[in-house]
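One-letter residues, chain by chain:
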Amino acid sequence: MESKLRGTSNKVILVRNESDSVCYSFSVSEYRVEIRYLYCEKCCVAASNFALTPCLATFHVGANRMHGYQQIGEDFCIAFVFYFPINKEEQSMKTIQSIEELLMELDSKYPWSLFRYMDEEWKTNFCYHNLTVPKKNGGERLICAPNERLKRYQRRLLPYFDSALVSSCATAYQKNKPLKANYEKHVGARMVVKLDVENFFGSITFGKVFYRMNCLWNHNKQLSWFLAKLCTLNGSLPQGAPTSPVISNLVFYPIDQKIEAYCNQNQINYTRYSDDLSFSGDFLPGEIIDFVRPLFKSNGFHLNENKTVVAGKGRQKKITGVVVNQKAQADKNYRKEIRKEIYYIGKYGLEGHLRYLKQGITEDELKIQMIQRLQKLLGRIGYVLQIDPDNKEFREYQMLCANLLQRMPILW
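Below or above, wherever it landed, is the structure these notes cover. (Residues numbered from 1 in each chain as written. Predicted model: local features only at pLDDT ≥ 70, side-chain atom pairs only at ≥ 80, totals over all residues. Heavy atoms only, no water.)

### What to know about the packing of helix H11 (residues 332-357) against helix H13 (residues 392-406)
Quick reminder of the rule: Here, axes are lines fitted to C-alpha atoms. For helices the fit covers the stretch in contact, and angles between N-to-C directions go from 0 to 180 degrees. Under the scheme used here, helices are H or I runs from DSSP no shorter than 4 residues and strands are E runs no shorter than 2 residues, and both carry numbers assigned from the N terminus. Oblique is the label for every angle not falling under 35 degrees (roughly parallel), over 145 degrees (roughly antiparallel), or within 65 to 115 degrees (roughly perpendicular). Crossings are classed by handedness, with left-handed meaning an anticlockwise turn of the near helix from the far one by less than a right angle and right-handed meaning a clockwise turn. When checking whether two residues touch, look at their non-hydrogen atoms; a contact exists if any pair is within 4.5 Å. All amino acids are sorted into three groups, where Ala, Val, Leu, Ile, Met, Phe, Trp, Tyr, Cys and Pro are nonpolar, Asp, Glu, Lys and Arg are charged, and the leftover types, Gly among them, are polar.
One way to put it is that H11 packs onto H13 with a least axis distance of 12 Å and a crossing angle of 45°. The orientation of H11 with respect to H13, classified from their angle, is oblique. The way H11 lies across H13 gives a crossing that is left-handed. Along the contact surface, H11 presents Arg335, Ile338, Arg339, Ile342 and Ile345, while H13 presents Glu393, Phe394, Tyr397, Leu400, Cys401 and Leu404. For the contact of H11 with H13, the per-class residue count stands at eight nonpolar, no polar and three charged.

### Some thoughts on the packing of aromatic side chains
Spelled out, the test is: Under the pairing criterion, centres of Phe, Tyr and Trp rings, with the six-membered ring standing for Trp, must be within 6.5 Å; the plane angle then separates stacked pairs below 30 degrees from edge-to-face pairs above 60, leaving the rest tilted. Burial status follows relative accessibility: with a 1.4 Å probe on protein chains alone, a residue under 20% of its type maximum counts as buried, one over 50% as exposed, and anything between as partly exposed. The rule for a charge over a ring is simple: NZ of Lys or CZ of Arg within 6 Å of the ring centre, and within 35 degrees of the ring normal.
Per the stated rule, a full pass over the model turns up 19 aromatic pairs. Ring geometry for tryptophan 122 against phenylalanine 126: centres 6.0 Å apart, planes inclined by 40°, an arrangement best described as tilted. Residue tryptophan 122 and its partner phenylalanine 126 are both found in helix H3 (residues 120-127); the two are separated by four residues, about one turn of the helix. For phenylalanine 126, a relative accessible area of 57% puts it in the exposed group. When the ring of phenylalanine 161 is compared with that of tryptophan 217, the centres are 6.0 Å apart and the planes differ by 90°; the resulting orientation is edge-to-face. With phenylalanine 161 in the loop between helix H4 (148-157) and helix H5 (180-183) and tryptophan 217 in the loop between helix H7 (206-216) and helix H8 (221-231), this pair connects stretches of sequence that are 56 residues apart. Here the two residues phenylalanine 161 and tryptophan 217 agree in accessibility, since each one is buried. Grouped by ring-pair contacts, the aromatic residues Phe200, Phe201, Phe252, Phe296 and Phe301 constitute a single cluster. For the cation-ring pair, arginine 152 lies above tyrosine 153, with the distance from its terminal atom to the ring centre recorded as 5.9 Å. Sitting over the face of the ring of phenylalanine 301, lysine 208 holds its NZ or CZ atom 5.0 Å from the ring centroid.

### Some remarks on the sheet that holds strand E13 (residues 276-281)
What counts is decided by this rule: Two strands are counted as paired when DSSP detects at least two bridges linking them.
Judged by pairing direction, the sheet is antiparallel, and its four strands sit side by side in the order E12-E13-E11-E14 without closing on themselves. Two strands close off the open sheet at either side, each with one partner strand: strand E12 (268-273) and strand E14 (309-311). Taken over all neighbouring pairs, the strand axes of this sheet differ in orientation by 15° on average, direction set aside. Sheet analysis places E12 next to E13, joined by six bridges and oriented antiparallel. Directly across from arginine 272, in E13, lies its bridge partner leucine 277. In the packing of helix H9 (residues 244-265) onto the sheet, the strands contacted are E12 and E13, and the crossing angle to E12 comes to about 170°.

### Considerations on the sheet that holds strand E16 (residues 322-323)
Within the open sheet, the three strands sit side by side as E15-E16-E17. Their pairing is antiparallel. On the outer flanks of this sheet lie strand E15 (318-319) and strand E17 (329-330), each paired with one strand and no other. Summarising the sheet, E15 and E16 pair through two bridges and their orientation is antiparallel. Its bridge partner being in E16, lysine 318 is matched across the sheet by valine 323.

### Quick word on H9
Our working definition: In a helix, the anticipated span is given by 1.5 Å times the number of residues less one. One axis is fitted to the seven residues ending at the residue and one to the seven starting there. The bend at that residue is the angle between these axes.
Over its 22 residues, H9 extends 31 Å from the first C-alpha to the last, a length consistent with the 32 Å expected when each residue adds 1.5 Å. At tyrosine 253, H9 is deflected by roughly 50°, the largest bend along its length, and proline proline 254 occurs up to four residues later in sequence. Count one or two residues on from H9 and you reach glutamine 267, which has phi positive near 55°.

### Structural notes on a nonpolar patch on the surface
Here is the rule we go by: Patch definition: residues with relative accessible area over 30% and no salt bridge; like charges joined within 9 Å; nonpolar side chains (Val, Leu, Ile, Met, Phe, Trp, Tyr) joined within 5 Å. Working definition of accessibility: Shrake-Rupley area with a 1.4 Å probe, residue cover restricted to the visible protein chains. Criterion for a salt bridge: a side-chain nitrogen of Lys or Arg within 4 Å of a carboxyl oxygen of Asp or Glu.
Judged by side-chain polarity, Tyr343, Tyr344 and Tyr348 come together as a nonpolar surface patch covering roughly 350 Å² of accessible area. Its place among the elements puts tyrosine 343 in helix H11. Here tyrosine 343 falls in the partly exposed class, since its relative accessible area comes to 48%.

Shown next, in the form of structure tokens:
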């Protein structure tokens, strides 16, 4: 039996059979609809492990994320449905079918010159440069940044990854997903566990990238190999290439799905921001760690045991730098530093405060420093208000700094 999909301008009807796959993607009116997976609430297992009888479900298009459902005897089946507006660029975007088409798309003037990016030694010596960025907890992070030409080619590839499946639990490197998407479901939880993937981008090998590309491009192995070569360096994803963040979400998708299925079964909230995995709810920390560790190992990843955090009752709970104990708010020390800065500005004036901090500064340098100081302070206040928009104290700080900035002289 074949599955049937019927659509109108305001609803989608899905007829599901036992032989169906767990994902559908099709267009209804001006929307692209994706039915990611189904599961049985009674058994709490993924649809791939649960034989569904033929059913009829109706999903109404009218919210960014919604649930469609259909009662089937004693079982209750749920589908998670996503819909996205289709813009003109997406409608007219050509699907690449061959390496020749890819070459012309990336560089119509010298298309065959892209084959030199298949040479790892040439890429290492002439296409990437290394730089280090200090980490918050000490140490340095190695960034492999491509040159301008390769970066331009990689950026032109990004639109072709937009239609690829990414887990709803992955909150980093996605359009229209604010920071709060990663922490809001953890607010007020009794238990928070945070896990870290060791050498995240370095663990995403050429083979993993090739496999996901092959799935995305309908098993076109030549094209997938070429794309994987263009986006990797010395057999792994370089941290610094514009394609690496998006590809990391594609590669991690199957792992996200397995973790999400386990968490749904055990009533655990789960989100992932790049290499940071966050779990919250009422559960035993050891159980989730014992589930994730072998799952990572079987997929070529490893936990950074030194960064594992278990925060229970009475401990501060932070998700990507945001405190989520009772309500979401910026870290206490972060807010304290802003208050201290505002206090000194109020007591000594902005000019007097800066003259004390930067003794011997010239008048011209002082004017520049005053503007930069206020802009930086406004950005930090804006971050606090992004997390806690009803904070009256920091709203007043924001107005104060904005008024001071308006009085600053214009520097040409």
